[in-house]
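Listed here are the chains, written in short residue letters.
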Amino acid sequence: MRDEISKLRDEAAEALRSASDLTALEQVSVKYLSRKGLVAGLFKQLGKVDAAERPIIGQLLNDLKQQLENLEAERTLALKPRSKEFDVDTTLPGRGTWIGSYHPLTIVMREITDIFGRMGFRVADGPEIELVKYNFDMLNTPPWHPSRDESDTIYLPNGFVVRTETSPVQVRTMEKQDPPVRIISPGRVYRRDRPDATHSPMFHQVEGLYVDKGVTMAELKGTLLAFYKELFGQDTKLRFRPHFFPFTEPSAEVDITCPFCKAEGCRICKYTTWLEMGGSGMVDPNVLQGVGYDPEIYSGFAFGLGIDRIAMLRFGIPNIRLLFDSDVRFLRQFSGFTPR
Amino acid sequence: MLLSYKWLSEFVTLPVSPEQLADVLTWLGLEVEAVHTYAPNLDNVVIGEILECAPIEGTNHLSLTKTRVGGETLSIVCGAPNARAGLKVVAMLAGSKTAEGMVIKKAKLRGQESHGMLASEQELGLAPSHAGIIECPADWEVGAPAAKYLQDSDTVYDVEITPNRPDFLSHIGVARDIAAKFKLPWKPKSYDLNECVRKSTDFVRVKISAPVACPRYLTRGVTGVKIAPAPYEVQLRLLRCGVRPISNVVDVTNYLMLETGQPLHAFDARYIADNSIDIRFAGAGESFVTLDEKEHKLQSHDLLIADSKHGIALAGIMGGLNSEIREDTTDVVIECAYFDPVHVRRTAKSLGMSTDSSRRFERGCDPNQVPYVAAATAALIQQWGGGEVLSGVVDDYPRPIVPVEIAFRPEKTEALIGVQYDFAEIEDTLTRLGCEVSAHSSAWTVKAPTHRPDLEREVDLIEEIVRVQGYDQIPTSESSKVVLTGKDDPVVRLRRQVEDILVAQGFLQTVSLSMWNPEPRLDPPGLPAGVEVANPVTDEMKYLQGSVLAPMLRAAAANFERGDRDLRLFETTRVFREGVAGDPRTWEKQVVAGLLVGRRYPSGWSQTKEPSDFFDLKSVLEFLALKLSLDKPDIFCYDLDTVGFLSGQLRVGEQVAGDFGLWPREVCAARDIDASVAWFELDLSVLAANRRSEFAFEPLPRFPIAWRDLSVVLDHSVPFAELVSTVRGAAGNLLQSVWPFDVFVSDKLGVGKKSVAFRLEFLHPERSLDAAEVDAAIQSIVTKLQQEHSAELR
Ligand SMILES: [Zn+2]
C-alpha cells in the first residue's frame, strides 16, 4: 500500500506539472482527484489494510490528497490568463520610505545604559550649566587644581561653570536621596580644548555611582569587569592602575584588554594590548560627608568613561569631528541600528 | 619628570631590569610616557684637541678645524658654534657610528677634506640634543679612547606625576616607593662636610617678615669658590634629566633638587646688600627682574627675598638677575627654604611663570629635609668648586611643621577594599613609606612623614597599602545585593521615546556642538543667541546656544552644498537662556528640534516629486503628539498677516511646549538653500509633564456608521477650523467626526474662492440611524454654512 501511494504521488504530480493548458489540467484532475479518480480508489482499499496499520495509511492518503489538491490549485493559477496587475518588473526596488537613523553616540549610549540598567543602575540627569560648588567643591577638587583654571574650563561671566564632567549629577542626587544610591549619569560635558582629530570642546561621558553600606573596591572591579565583558565580549580582562582623582580615594585608572586584536597588539592599542577606559575609585569620605552621608557607615564607588571614544573605537571612526558635523553621508551609515 | 635608572639605584638596589622598571613605575602610580635608553657606541671615537679653527668662506656656520687626535692631526669640518681652538673635543673617526646609525667616513664638505666628526652628546647617543659639541674637561688625555671617559649608559623614564605626590618629583621619593614595594633595604647617601671656623651666622643675617608664606628659611655660606663646569658625569646626568648644565654651583642646586625634590638657590654674596636677607611681601607695583631677564610688576601678595635695598629673588620661583652666580663669583649664599604652597601658586599663576622650583613648592616640599639638603649643597659646591664651607647654618623656622598623626584602624582596609590584608604587612608597608606606626591596639596611631603632605586621613593610608601591595591583588567581586533605586529620569525616558518616534518617521539624528556665535544676516531672524560665556574656546563658540535651529540650518546648508537636498534632521539637546541668579537649572532646557526640507517622499521610481511643506511638518507634530500621548495637544498656528511666515506653537495642557514654522526661501537663501525649510523646537520637560497616564479602551460601536460627503465653495479666507466648528454646531450630537479630503483654490470657482470637500460620519450609540435623520442633520449643516460663511454646495 505504501508503495502504491508513493508511486501514485509521483505519477500524479508529474501529470499535473506537465499539463500545458487548463483543459489538459482538468483532464488530469478528473483522472486522479475526482470522486471516482485514482486517489479515491486507494481510499476504498483502506478497509483491507491490517487494522494496526490502518490509521497510518489513512494519514498517508490524506496527505497525498492534500498535496495533489494544492498542486492542482497552484497549476490552475499559473495557467489562467494573468491580470495586468501582475505584469510588473519584480526586480525594481520597493517604492521606498524615509529611513531614519540613530546617531552613533545614541547607539553606544543606549547600549551602555542598558547594560548598567540590567545591573540596577538608574539614569539620573542634571544641568550642563553648573555651580562651582557642584562641579568642583563638593567633588573634593582642591582649590588649586588645574581643572579649575580658565584655560581648562568654560565659565559664564556670573561665575557659573559649564560642567566638565557629569559627576555633579551624582552630588545632586546624593543630596536629594538617602543611600542606597545606584545611578549612572550620561551626558554632554565641556572642556576648553581646541578641536582636533581626537579632541572636542564638547564630548560625552557616562559616570556611575554606588553608595551603600559595605561597598568595596572589589565590587567596583567586579561591576566594571561585568560591564566591559557585556560591551566588548566575554573574554575581556580588566586591570586597575593607581592614579589620583580628587573625587575618589583610592583611585584607579581602568584598562581593558584590547578587543580589536584580542590582546595581541595592534595600532589601536598602540601595541600595548591594553586600552585605557577611564577613571574610577572609592568615593572620597570628604564627598560623602559633604552630602550628609556618614563615611563611617557608608562607602561607595564611582567610575567614568568617555562615550565618544568608545563609539569611535567601536565603529572605526577616525576623527571626532565626524560625530558633530551633521553630515548625512555619515549619519545614514548608521540606519541599520535599532538600539534598545 | 625624568627619572634615571642609575640614579634611583643609588638609593635602592633595583631588583628589575631597566625595561621592567617602566612597569613597576606604572604600578606605583607613575604614568610612564616615554623611555629613553642611552648606550653610547664609542668604537673609533677618541678624545681630541682643536688646534686651529677657521670659518669656511661662503658658508654660514661651518669651520675647518685641525684637530689633534693622539699622534696625528686631522682636518675635520665642524658646524658647531662652540668649536674653537684650544678646546678638547670628542672626535668620531672614520668607521665610527652615530646614534642614528650613520657611519662616519672621510668626506669632502664644501671643498674641504673632513676626516671625521666632532661629536655632541646627541650624536654619541649619550644624552638628548644639547647646543654644540662636547666640551671635554682639560684633564682628559688627547688620543685616549672616548670609552675611557664616556662609557656611561642609562635608561631614563619620562613620567607623569599626579598633583598629590610632590615627593615623586625627586629620585629619592620614587626610590623610596620602589624599596617599599619590593621590601628592599634603603641605601642612605651622605655628603662629607668640611666646615671651616668662620660661621655662616657671621656671613649673612636673615629676617622673616612673612612667616605664613615662609615658614622656614635656611642659609649657609661657601667662600672662595672657583666657578667652573661641573664634573662631566654630573653634566651628563643633568642633561639626561632635562636640565641644562651651567656651572658647578648652579649645577649643584639643580642636581640636588632632582635628587631630593628640594629647590635651592645660590646667590653671589657680593650682591646681597649689607649681607642681610629679608623675606617680605613686595610693595604694590614693585618691579623685579628675574634671571631670565624678564621684568615683573609685583603685587603685595608676591613674596620676595630681599636684601636691605631691593629684591634678589622671587621666593620659590626664580632668582633675580641682580644676584645670580657669575663667572667671577667666589662667595656663595645657599638658600634652602620651605615656602607655603598657596603663596607660591598664587604668584606663579599671576605672573604666568612655572619653574622646576615653583612646581615643587606648589605641591609641597618637605620642610624638615631642609638642613640635610643645605649641608649636601655646601659639600658638593666645595667638592666641585673648592673653597671653604662656613660652619653652621642660619636657620629661621618660626613655625615648625610637625608630622600629622592619623588614627588608623587596620581592619578598615579590608572593609573598603574587599580583601583581607595582613596587619603585619600593613605595618611594614607604612613604615617603609616613612610613617611612624604605633600598632599597639586595634586603633593604631600613624605619624605621616612630612615629605608626604598628601597623607592626612585613614583612607589615604589605605590607598598607600593597596597601591604598594599592588592593585592586582584587588579581587573582582560581584555583589548580589538587591538595590531598587527608582526609575530613570522622566525627561530621559521621554527623550528616548522622542528619538524612537522621529527615527521611525525617517529623521536622521544629529549631535552638534552646543556653542555657537550668531551671524545676524545669515541666520534666520528671531532666534535667541543664548548665554554668552566668559572664556570661549574660539570666537565661533561665544555663546551656549539659545536655540539649536540656526546651527542645524547651517548643517543643512553644508549638506545642501554636497548635493544632499532632501533632509529630515533632528537633535535632542539643550538650549540656554538667562535664568534665576543662583540656580543654573533655570538657565537651560532640554529640547528636541527638527528640520524638514526637500521632497515629501524619498526619490524613487514611483513616488511623486513635490516638495514637503508646512503640512508635512504638522503631520510630524501630530504624530509626535499622539505617540507621546500628550494631554490635549493643540497645534496652534499664528495669523500669517501678523507674523509674516507660517509658524505656530505646540500647546499642551496649559503650557507652551515649543514653536514650529516654515522659513521661506528668502530666509534660507542667505545660507544658499533654495527651498523653504520647516522646523520645530519643543521643550522636553513640558512634554514630559503633560502626558496622559491613563488610558481606557472605548467599546466598539455596535451599530453601523453612516457617512456623507459634502463639497462647498466659499471664500478663501474662511479657515477650515471655523468651518468645522460651524458644522459641529449645526449637526447635533450624532456627528462623530469631520475631516477634509479635498481642498483646492481656483479662479473657476470665482475670484478668491476655494472648494472644500469633507466627510462627515454619524453614529448613534444605541441604535441604527435611518437615512432621514442623517439627511436632516446634513440639511441643517448646509443651511448654517450658507448663513455663516456664504458657502454654496457644489
Ligand atoms: Zn589592540
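Bear in mind that the values here come from a model prediction, so they are computed numbers and not experimental data. (Residues numbered from 1 in each chain as written. Chains lettered and ligands numbered in written order. Predicted model: local features only at pLDDT ≥ 70, side-chain atom pairs only at ≥ 80, totals over all residues. Heavy atoms only, no water.)

Each helix and strand in chain B was counted, giving 22 helices and 40 strands. Relative to its length of 794 residues, chain B is extended, with a C-alpha radius of gyration of 42 Å against a globular reference of 28 Å. For chain B, the spread of C-alpha atoms along the principal axes amounts to about 130 × 85 × 55 Å. Here chain B holds 794 residues, and the buried ones make up 52% of them. Across chain B, contacts joining residues at least 24 apart in sequence account for 69% of those joining residues at least 6 apart. Summing over all exposed atoms, chain B offers an accessible surface of approximately 35900 Å²; the carbon and sulfur share of this is 50%. With 83 positive and 111 negative side-chain charges, chain B shows a separation of 1 Å between the mean positions of the two kinds. (Helix = DSSP H or I, 4+ residues; strand = E, 2+ residues; numbered from the N terminus. Rg over C-alpha atoms; globule rule 2.2 N^0.38 Å. Buried < 20%, exposed > 50% of the residue type's maximum accessible area, 1.4 Å probe, protein only. Contact = heavy atoms within 4.5 Å. Areas by Shrake-Rupley, 256 points an atom, 1.4 Å probe, with all protein chains shown as cover. Lys, Arg positive; Asp, Glu negative; His and termini not counted. Charge placed at Lys NZ, Arg CZ, Asp CG, Glu CD.)

Residue and element names in this part refer to chain A. At the metal site, the zinc ion is ligated by Cys258 (SG), Cys261 (SG), Cys266 (SG) and Cys269 (SG), and these contacts range over 2.3 Å. Considering all four donor atoms around the zinc ion, the spread of angles at the metal, 102 to 112°, places the coordination shape in the tetrahedral class. Mapped onto the sequence, the residues coordinating the zinc ion show the spacing C-x2-C-x4-C-x2-C. With relative accessibility at 15%, the residue Cys266 sits in the buried group. Residue Cys269 is classed as buried on the basis of its relative accessible area, which comes to 3%. (Donors = N, O, S within 2.8 Å, 3.2 Å for Na, K, Ca; no water. Tetrahedral: all angles 85-135°; square planar, octahedral: opposite > 155°, others 65-115°.)

Okay, unusual backbone geometry next. Following Pro179(A), the chain continues to Pro180(A) via a peptide bond in cis, the omega torsion being 0°. Summarising the element assignment, Pro180(A) is placed in the loop between helix 7 (167-176) and strand 4 (181-190). Cis geometry marks the peptide bond from Glu249(A) to Pro250(A), where omega comes out at -5°. Assignment of secondary structure puts Pro250(A) in strand 7 (residues 248-257). The phi dihedral of Asn140(A) is positive, around 70°, even though this residue is not glycine. Checked against the element boundaries, Asn140(A) lands in the loop between helix 6 (132-135) and strand 3 (161-162). Backbone geometry at Ser790(B) places phi at a positive 50°, although glycine is not the residue there. Secondary-structure assignment places Ser790(B) in the loop between helix 22 (771-789) and strand 40 (792-793).

Right, let's talk about helix 1 (residues 2-18) of chain A for a bit. Residue and element names in this part refer to chain A. For helix 1, which comprises 17 residues, the first-to-last C-alpha distance of 25 Å matches the rise-based estimate of 24 Å (1.5 Å per residue) to within 8%. Regarding helix 1, the residues found buried are Ile5, Leu8, Ala12, Ala13 and Leu16. One face of helix 1 carries all of its buried residues, which in axial projection span an arc of 125°. Relative to its buried face, helix 1 has exposed residues pointing more than 90 degrees away, namely Asp3, Lys7, Asp10 and Arg17. On its buried face, helix 1 is in contact with helix 2 (22-33), helix 3 (38-44) and helix 4 (54-79). (Expected span 1.5 Å × (residues − 1). Arc of directions from axis to C-beta.)

Residues and elements named next belong to chain A. As a packed pair, helix 5 (residues 104-118) and helix 8 (residues 217-232) sit with axes 10 Å apart at the nearest point and diverge in direction by 135°. It follows from the interaxial angle that helix 5 and helix 8 lie oblique. In the crossing of helix 5 with helix 8, the sense of the turn from one axis to the other is right-handed. Contacts between helix 5 and helix 8 involve Glu111, Ile112, Ile115, Phe116 and Arg118 from the former and Thr223, Phe227, Glu230 and Leu231 from the latter. Across the contact of helix 5 with helix 8, the residue classes tally to five nonpolar, one polar and three charged. (Axes fitted to C-alpha atoms, helices over the stretch in contact; angles between N-to-C directions. Parallel < 35°, antiparallel > 145°, perpendicular 65-115°, else oblique. Left-handed = near helix turned anticlockwise from the far one by under 90°. Nonpolar A, V, L, I, M, F, W, Y, C, P; charged D, E, K, R; others polar.)

By the assigned domains, chain B splits into domain 1 (2-38 + 155-182), domain 2 (45-152), domain 3 (195-396), domain 4 (405-472), domain 5 (490-689) and domain 6 (706-793). Between domain 1 of chain B and domain 6 of chain B, the C-alpha centre-to-centre distance is 88 Å. (Domains from an automatic or database assignment.)

With that settled, the discussion passes to the packing of aromatic side chains. The full count for this structure, using the stated rule, is 28 aromatic pairs over all chains. With a centroid separation of 4.3 Å and an interplanar angle of 5°, the aromatic rings of Trp140(B) and Tyr149(B) are classed as stacked. Overall, Trp140(B) belongs to the buried group, its relative accessible area being 8%. These aromatic residues form a ring-pair network of at least three members: Phe116(A), Phe121(A), Tyr210(A), Phe227(A), Tyr228(A), Phe232(A), Phe301(A) and Phe303(A). We note Arg651(B) situated over the ring of Phe636(B); from NZ or CZ to the ring centre the distance is 3.8 Å. (Phe/Tyr/Trp six-rings, centres within 6.5 Å; stacked < 30°, edge-to-face > 60°. Lys NZ or Arg CZ within 6 Å of the ring centre and 35° of its normal.)

On to the environment of Val45(B). All names here are of chain B. Following the sequence through the fold, Val45 ends up in strand 3 (residues 45-55). Considered as a pair, Val45 and Val718 are 673 residues apart in the sequence and their alpha carbons are 102 Å apart. Beyond its immediate chain neighbours, meaning those up to four positions away, Val45 contacts Val90, Ala91, Met92, Ser96, Leu124, Pro145 and Ala146.

Here we take up the sheet that holds strand 15 (residues 276-281) of chain B. Residues and elements named next belong to chain B. What the five strands build is an open sheet, ordered 12-15-18-19-20; its pairing is mixed. Of all the strands in the sheet, just strand 12 (205-208) and strand 20 (318-319) have a single pairing partner and so form its edges. Where strand 18 (residues 303-306) meets strand 19 (residues 311-314), three bridges bridge the pair, whose relative direction is antiparallel. Bridge pairing in strand 19 links Ala306 to Gly311. (Pairing = 2+ DSSP bridges.)

Proteins that are soluble and globular tend to have nonpolar side chains buried together. Ranked by size, the top nonpolar core spans 158 residues in total, and within it Ile112(A), Tyr228(A), Phe240(A) and Phe680(B) carry the most contacts. Setting aside residues up to four positions removed in sequence, Ile112(A) forms contacts with Val206(A), Phe227(A), Leu231(A), Leu305(A), Ile307(A) and Ile310(A). Counting 57 residues, the second-largest nonpolar core is a separate cluster that includes Leu14(B), Tyr157(B), Phe168(B) and Leu256(B). (Core = buried A, V, L, I, M, F, W, Y, C linked by side-chain atoms within 4.5 Å.)

A word on the domain arrangement of chain A. Domain annotation for chain A reports domain 1 (2-86) and domain 2 (104-334). For domain 1 of chain A versus domain 2 of chain A, the distance between C-alpha centres works out to 70 Å.

Accessible area lost on assembly of the parts is the figure often given for the size of an interface. Chain A puts 93 residues into the contact, and the matching count from chain B is 92 residues. Approximately 7800 Å² of surface area, both sides summed, lies buried where chain A meets chain B, with 58% of it carried by carbon and sulfur atoms. Per-residue buried area on chain A facing chain B is highest for Arg95(A), Trp98(A) and Pro242(A); these three make up 11% of the total on that side. Joining chain A to chain B, the criterion identifies twelve salt bridges. In this structure, Asp327(A) and Arg562(B) form a salt bridge, with 3.4 Å as the shortest nitrogen-oxygen distance. Scanning the region where chain A abuts chain B turns up 45 residue pairs in polar contact (both at pLDDT 80 or more). Per-element tally for the side of chain A that touches chain B: the top contributor is helix 8 of chain A, with seven residues. (Buried area = accessible area lost by both parts, 1.4 Å probe. Salt bridge = Lys/Arg side-chain N within 4 Å of Asp/Glu carboxyl O. Polar contact = N/O pair within 3.5 Å; in protein donor to acceptor, adjacent residues only side chain to side chain.)

A few words now on helix 7 (residues 232-240) of chain B. All names here are of chain B. Within helix 7, eight of the nine residues are buried, leaving the element largely enclosed by the surrounding structure. Residues Tyr232, Val234, Gln235, Leu236, Arg237, Leu238, Leu239 and Arg240 constitute the buried set of helix 7. Positive backbone phi, approximately 85°, marks Gly242, located one or two places after helix 7.

Here we come to the state of the cysteines. Each disulfide is one covalent bond, formed between the sulfur atoms of two cysteines. Residue and element names in this part refer to chain B. Per the stated rule, a full pass over the model turns up zero disulfides over all chains. In this structure Cys78 is a free cysteine whose sulfur lies 7.1 Å from that of Cys53, the closest cysteine sulfur available. Note on Cys78: relative accessible area 3%, which makes it buried. (Disulfide = S-S within 2.5 Å.)

Bringing the packing of helix 2 of chain A against helix 4 of chain A into the picture now. Residues and elements named next belong to chain A. In contact at an axis separation of 10 Å, helix 2 and helix 4 are set at 170° when each is read in the N-to-C sense. Relative to helix 4, the element helix 2 lies roughly antiparallel. Residues Leu22, Leu25, Ser29 and Leu33 of helix 2 pack against Lys65, Leu68, Glu69, Glu72, Arg75, Thr76 and Leu79 of helix 4. Its residues assigned to classes, the contact of helix 2 with helix 4 comprises five nonpolar, two polar and four charged.

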